[in-house]
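What follows is the residue order along each chain.
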Amino acid sequence: MWKFSVRRTLIMIPQIFLLSILIFVLAQLMPGDALSGTVDPNVDPERLDEIREQMGWNDPWHEQYARWMGGVLQGDLGQSFRFKMPVTELIGQRIVNSFWLSVATLILTYLIAIPLGITSGRYSDTFRDQLITGYTYVGFATPLFIFALVMLWIFGFQLGWFPTSGSVEPGVEPGTFNYFMSKVYHLLLPALSMALITTYGTIQYLRNEIIDTKQKDFILTARAKGASESRVYNRHIFRNSLLPIAAFFGFEITNLIGGSIFIENIFGYPGMGQLLVESISLRDYTVLTAVTLIFGVASILGALLSDIILSIVDPRIRIK
Amino acid sequence: MENKAEEVKPIKSPSGFSIIWRELVRDKLALISLIFLILIMAFVYGVSLVLDQDEIVTVDLFSIYEPPGEEFILGTDYGGRDVFGQLIIGTRNSLSIAIIVTVLTGIIGVAYGLISGYFGGHIDNIMMRILDFFMILPFTMIVIAFVAIVPKYSITTFSLIMTGFLWMGIARLIRSKALQEKELDYIQASKTLGSSNFKIIFTQLLPNVSSLIIVTMTLNLAANIGLESGLSFLGFGFPESTPSLGTLLSYARNPQTLEFRWWIWVPASIMILLLMLSINNVGQALKRATDARQRRG
């Protein structure tokens, strides 16, 4: 297992390297730079050129890349020109919000998926199963952002049960219990909207796994030994069907990133996804490259995690 | 000799089309979906021949935010533009771009998958590592970044960017199918007879994976409608002057519109849902038709 994990981790390094080059080149290609448009027009263009020269923006791209990458490795993501603060600081606030949103979404996803998947696998081809399959079918066809809009419209605006934007009530003191509750309250609707739509894959997968496992010989053996029906399902089938779900945990990260861009923009939730869209409309490229790099690295790490879990669960993968 | 061939004919297996047709007739939901799709497409493409896009997107300051009424069936948006007209043109634009992207990703993905699967070995290994890298990139994020940097942004560049990050799924599917298929006798026989690789791939391998291609592309079409509208919704897809289902929905990013002016965004949402659901229904029926074990008919 260690051999596989190490080899798999080594593959990751060129991936991250390629990603960082791609992102850097993208940022270089973007029209204009942080100086164009921000400085007042009375400033002499030659002076601007001087600043550019000082900042090293006229150097060849590989030198700039080396400088940027050196900074990134030391935890310095540069300076945001629009927000007027170090990018690390700016992202620090947002990434915590996004992290909690992702955690809440994941918890809800599994809370919904596991009971539904088990019910639908155990009682396959019954009315209950058809109902659940119908739900996964609609979930598959519904774009996340439309569902989120409808949820916000119904529960945020029409019924007024949930706040319609922000991550915390303004004026609540950090660290108190009220602050925590307010955070959870603001998280709930966005996380639920995302979980209800993205959960379909896990439900379908769990259902198929259970139906598959149900027919295996060891289940027959368990029954023959006189194990009760609940024991067969809870101990024998459930355990065996859950492992592949655990392996897909890492891939969920990519989904969460894609989803958070929509969810955070719809619910006005100040996280990384919202920052990404803001930084593009403000043309703040240092922020943009930092956000894209973090998102990209997070997905690469997610895939790595999944592959390693998979290799533990399924030894056949290791041999390859 | 000719007579003998005639005698064998009666036990000929049903053609691909008749299998698909039988499956569709059996599955009422898929049949209704197909009829709905044909009607919508005929209506949308037909009416938009008469409608003038420039006229619909012209700002009319005297009729801002009109609720649905006699003059405007579905009311107007913040520029006083007719929502119903935008819905028709928008559906046409969304469908068109989804079809273009599906076809382009289909061509690239199928070619990539066939080559990688057919040759195998080192070529396959390298091609799959490249594919893995593309697979890992978060789609929405990378497309947004690309849309932001393209200097002369247009519908063509938008569809090319989408294509650039969407061909991997179908490539992977086709590759694993091609890997299985190339071990079969007919491919080996062709090789022995000295057919060129190019000929084997495109005249023998391709027809044998065609059912998989059709099914995947149908399901991709539905997904692409969702992706396009999602990107337009965020403001990184169609520009406002070219209405699509996504741009209509993007008006709902204004909380006032979301809360009080349902007529602007609800019809477009329903249209997207109906289109995606019915294309998926047809796709699922096609999927069953290509797999003898799952067929209902």
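Here, residues in each chain are numbered from 1, in the same order as that chain's written sequence. Written order determines the labels here, with chains lettered from A and ligands numbered from 1. Local features in a predicted model are, by the rule used here, given only for residues with pLDDT of at least 70; side-chain atom pairs are given and counted only at 80 or more, and totals for whole chains, interfaces and linings are based on all residues.

- Named according to an unreviewed UniProt entry, chain B is Peptide ABC transporter permease originating from Ornithinibacillus halotolerans.
- UniProt positions are given in the numbering used here, feature names are shortened, and annotations may be inferred rather than shown by experiment. Per its UniProt entry, chain B bears the Sequence similarities (unreviewed entry) comment "Belongs to the binding-protein-dependent transport system permease family."

- Naming follows an unreviewed UniProt entry, where chain A appears as Peptide ABC transporter permease of Ornithinibacillus halotolerans.
- Entered under Sequence similarities (unreviewed entry) in the UniProt record, the comment concerning chain A runs "Belongs to the binding-protein-dependent transport system permease family."
- Chain A has a UniProt comment under Subcellular location (unreviewed entry) that states "Cell membrane".

With respect to the overall build of chain B
- Within chain B, the secondary structure is distributed over 15 helices and zero strands.
- Per-residue burial over chain B gives 42% buried out of 297 residues.
- C-beta atoms are first placed from the backbone for all residues, and any pair lying within 7 Å is then listed as a contact. For chain B, long-range pairs separated by at least 24 residues make up 67% of all intrachain contacts whose partners lie at least 6 apart in sequence. In this text, helices come from DSSP runs of H or I with a minimum length of four residues, and strands from runs of E with a minimum of two, each type numbered from the N-terminal end. Labels follow a simple rule on C-beta atoms placed from the backbone: if 20 or more others lie within 10 Å of a residue's own, it is buried; if 12 or fewer, it is exposed; otherwise it is partly exposed.

Quick look at the overall build of chain A
- Along chain A, the regular secondary structure elements total 14 helices and two strands.
- Expressed along its principal axes, the backbone C-alpha trace of chain A runs to roughly 90 × 55 × 40 Å.
- Per-residue burial over chain A gives 34% buried out of 320 residues.
- For chain A, the share of sequence-separated contacts (at least 6 apart) that also reach a separation of at least 24 residues comes to 71%.

Digging into the UniProt feature "transmembrane region" (unreviewed entry) in chain A
- Mapped onto this structure's residue numbering, the UniProt feature "transmembrane region" (unreviewed entry) falls at residues 99-119, 131-155, 184-206, 241-267 and 287-313 of chain A.
- Structurally, residues 287-313 of chain A is divided into 100% helix and 0% strand, and its ends, taken at the C-alpha atoms, are 39 Å apart.

Some remarks on the confidence of the model for chain A
- Confidence of the prediction at every residue is given by pLDDT, a number between 0 and 100. Mean pLDDT for chain A: 81, with 90% of residues reaching 70 or above.
- Predicted confidence in chain A is weakest over helix α14 (residues 316-319) of chain A, with a mean pLDDT of 64, and strongest over helix α5 (residues 127-141) of chain A, with 89.

Digging into the environment of A:Ile257
- Tracing the chain through its elements places A:Ile257 in helix α11 (residues 249-266).
- Overall, A:Ile257 belongs to the buried group, with 24 C-beta atoms counted inside 10 Å.
- The spacing of A:Ile257 and A:Ala298 is 41 residues in sequence and 8.8 Å in space, taken between C-alpha atoms.
- Residues contacting A:Ile257, with those up to four places away along its chain left out, are A:Phe295, A:Ala298, A:Ser299, B:Pro138 and B:Met141.

Thoughts on the UniProt feature "transmembrane region" (unreviewed entry) in chain B
Residues and elements named next belong to chain B.
- Per the UniProt record, "transmembrane region" (unreviewed entry) is annotated on residues 29-51, 95-118, 130-149, 155-174, 205-227 and 262-286.
- Across residues 29-51, the secondary structure splits into 96% helix and 0% strand, with the terminal C-alpha atoms separated by 32 Å.
- Between the C-alpha atoms that bound residues 130-149 there is a distance of 23 Å. The span itself is 90% helix and 0% strand.

Focus: the UniProt feature "domain: ABC transmembrane type-1" (unreviewed entry) in chain B
- Feature annotation in UniProt assigns "domain: ABC transmembrane type-1" (unreviewed entry) to the following positions: residues 91-283 of chain B.
- As annotated, residues 91-283 of chain B has a helix share of 83% and a strand share of 0%, and its two end C-alpha atoms lie 20 Å apart.

Description of the nonpolar core
- Among the nonpolar cores identified, the biggest contains 120 residues, and A:Ala148, A:Leu149, A:Leu276, B:Ile144 and B:Ile174 are the most heavily contacted of them.
- Residues within four places of A:Ala148 in sequence aside, it is in contact with A:Ser193, A:Phe262, A:Ile263 and A:Ile266.
- Each nonpolar core reported here comprises buried Ala, Val, Leu, Ile, Met, Phe, Trp, Tyr and Cys residues connected via C-beta atoms within 7 Å. In terms of nonpolar packing, the next biggest core, distinct from the first, is built from nine residues, A:Ala113, A:Leu116, A:Ile210 and A:Ile237 among them.

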